[in-house]
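One-letter residues, chain by chain:
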Amino acid sequence: LEQEFLKLRDLPPETTDGHRVCLMGNVEFAEEIPTLKGHGGEGVGLYRTEMLYMNRRGLPDEEEQYLAYAAIAEKMAPLPVTIRTLDVGGDKLATDLHLEDEMNPAMGLRAIRLSLRKPEVFKTQLRAILRAGARGKVRIFFPMISGVEEVRTAKAILEEAKRELSAEGIPFDEAMEVGIMIEVPSAVVIADILALEVDFFSVGTNDLIQYSLAIDRTNEHLAHLYQPLHPAVLRSLRMVVEAAHAAGIRACMCGEMAGEARYLPILLGLGFDELSMTGVSIPRVKKVLRRAARADAELLVAKALTFSSAAEVEAYLSSEISARF
Ligand code: PEP
Ligand code: MG
């Protein structure tokens, strides 16, 4: 099996009818880059920055963050590294940002909400990310966006960080691509509005499923209700891809769903441009991708969207996978 995966590493992530889907990695540490490359990853689709802030006293300063981000950017160059700004709160451990106990942490002061509440802490991170962009191909994106004001405010602070760096004569990437996570149902519903503000979307299915179905992603008693193939989820994914493409921006996915080879025909048929997953999942997903025809996948999705429950979609998908994918 490993042998087969090694061979796959250098083959293009392309369907039998010549359609490419970029397969990238989710990483937390620069040390993971060799494994990601070894599995054929074409970049980092999600770099989670939480680790830098957790299990410590105080907050990482600009220089410490810059060194961490630049290390990843350099190791991956010329391929892109997509850096997500701090996404603490919810099921992620608290940090020295002094989060108070909240009744509903998943719906609390977390992710971009926390960053916008602490603009100086946020700007320090933005400066470090912008500077890392001078050392490799870096893209930036914001987690848990629920409305357009959050995107606009975050972008305004990013512009402020750029002006500061320019004035100080510090090198950075002036033209860095900016994206947002789509992981809150309101962002799905206004995806057409949000698409006008950014260069790419990245769907976080872990949270999007949690919030769409009101199923705590960490509650084992509800695991059976956590359904990636729920018609509400499939319709949401379709809306997001359509809104992205109508605006001429890329539709990416970095939630766990992207790394499940059995969902590949669905994600291909929906039209996702990039899928980001743990590095070791890439060969399995690529194998399914290389055997699939995009035209078949589009038909599969059209049919899948006619079913009324996850179980029906699941049954249909299983029969199609054995027949055609
Ligand atoms: C997601 O929500 O799908 C995601 C990729 O982000 P995280 O798992 O870090 O919340
Ligand atoms: Mg998330």
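Calculation notes
Residues numbered from 1 in each chain as written. Chains lettered and ligands numbered in written order. Predicted model: local features only at pLDDT ≥ 70, side-chain atom pairs only at ≥ 80, totals over all residues. Helix = DSSP H or I, 4+ residues; strand = E, 2+ residues; numbered from the N terminus. Rg over C-alpha atoms; globule rule 2.2 N^0.38 Å. Buried ≥ 20, exposed ≤ 12 C-beta atoms within 10 Å, placed from the backbone. Axes fitted to C-alpha atoms, helices over the stretch in contact; angles between N-to-C directions. Parallel < 35°, antiparallel > 145°, perpendicular 65-115°, else oblique. Left-handed = near helix turned anticlockwise from the far one by under 90°. Contact = placed C-beta atoms within 7 Å. Nonpolar A, V, L, I, M, F, W, Y, C, P; charged D, E, K, R; others polar. Core = buried A, V, L, I, M, F, W, Y, C linked by C-beta atoms within 7 Å. Near = placed C-beta within 6 Å. Pairing = 2+ DSSP bridges. Arc of directions from axis to C-beta.

A. Structural context of the overall build of the protein. Along the backbone of the protein there are 14 helices and 8 strands. The C-alpha atoms of the protein give 19 Å as radius of gyration, which agrees with the globular expectation for 325 residues (20 Å, within 12%). Seen along its three principal axes, the alpha-carbon backbone of the protein occupies a region of about 60 × 45 × 35 Å. Within the protein, buried positions represent 46% of all 325 residues.

B. How the structure looks around the packing of helix α5 (residues 119-132) against helix α6 (residues 148-168). Two elements in contact, α5 and α6, have axes separated by 9 Å at closest approach and are oriented at 60 degrees. On the basis of their axis angle, the class for α5 and α6 is oblique. For the crossing formed where α5 meets α6, the hand is right-handed. Residues P119, F122, K123, L126, R127, L130 and R131 of α5 lie in contact with α6, whose contacting residues are I157, L158, E160, A161, K162, E164 and L165. For the contact of α5 with α6, the class distribution of residues is 8 nonpolar, no polar and 6 charged.

C. Structural view of the nonpolar core. Ranked by size, the top nonpolar core spans 93 residues in total, and within it Y69, I145, I180, I182, F201, V240 and L267 carry the most contacts. Sequence-distant contacts of I180, defined by excluding residues within four places in its chain, comprise F141, F142, I145, V151, L194, V198 and F201.

D. Structural context of unusual backbone geometry. Note the cis peptide between A77 and P78, where omega equals 5 degrees. With respect to the secondary-structure elements, P78 resides in the loop between α3 (62-76) and β3 (80-84).

E. Local environment of the environment of E150. The residue E150 is located in helix α6 in this model. Note: C-alpha distance between E150 and I112 (38 residues apart in sequence) is 7.5 Å.

F. Region of interest: the site of ligand 1. The environment of ligand 1 is formed by L46, R48, D87, E183, G204, T205, N206, D207, C254 and G255. Of all the secondary structure elements, the ones that give two or more residues to the shell around ligand 1 are β2 (44-48) and α9 (205-213). At 3 residues, the largest contribution of residues to the shell around ligand 1 is made by α9. Among the residues forming the shell around ligand 1, the class breakdown is 2 nonpolar, 4 polar and 4 charged.

G. Expanded view of the pairing of strand β6 (residues 200-203). Side chains F200 and S202 project from β6 onto one buried face, and the interleaved F201 and V203 project onto a second face that is buried too. Sheet topology note: the strand β5 (residues 177-182)/β6 ladder contains 4 bridges and is parallel. Paired with I180 across the strands is F201, a residue of β6. As judged from the 4 bridges shared by β6 and strand β7 (residues 250-253), these two strands associate in the parallel manner. Each bridged residue has a counterpart across the sheet, and for V203 the counterpart in β7 is M253.

H. Helix α12 (residues 282-291), seen in detail. Among the residues of α12, I282, P283, V285, K286 and L289 are the ones counted as buried. The arc that holds the buried residues of α12, viewed along the axis, is 160 degrees, so those residues lie on one side. Packed against the buried residues of α12 are α1 (2-9), β1 (22-27), α11 (264-270) and β8 (274-277).

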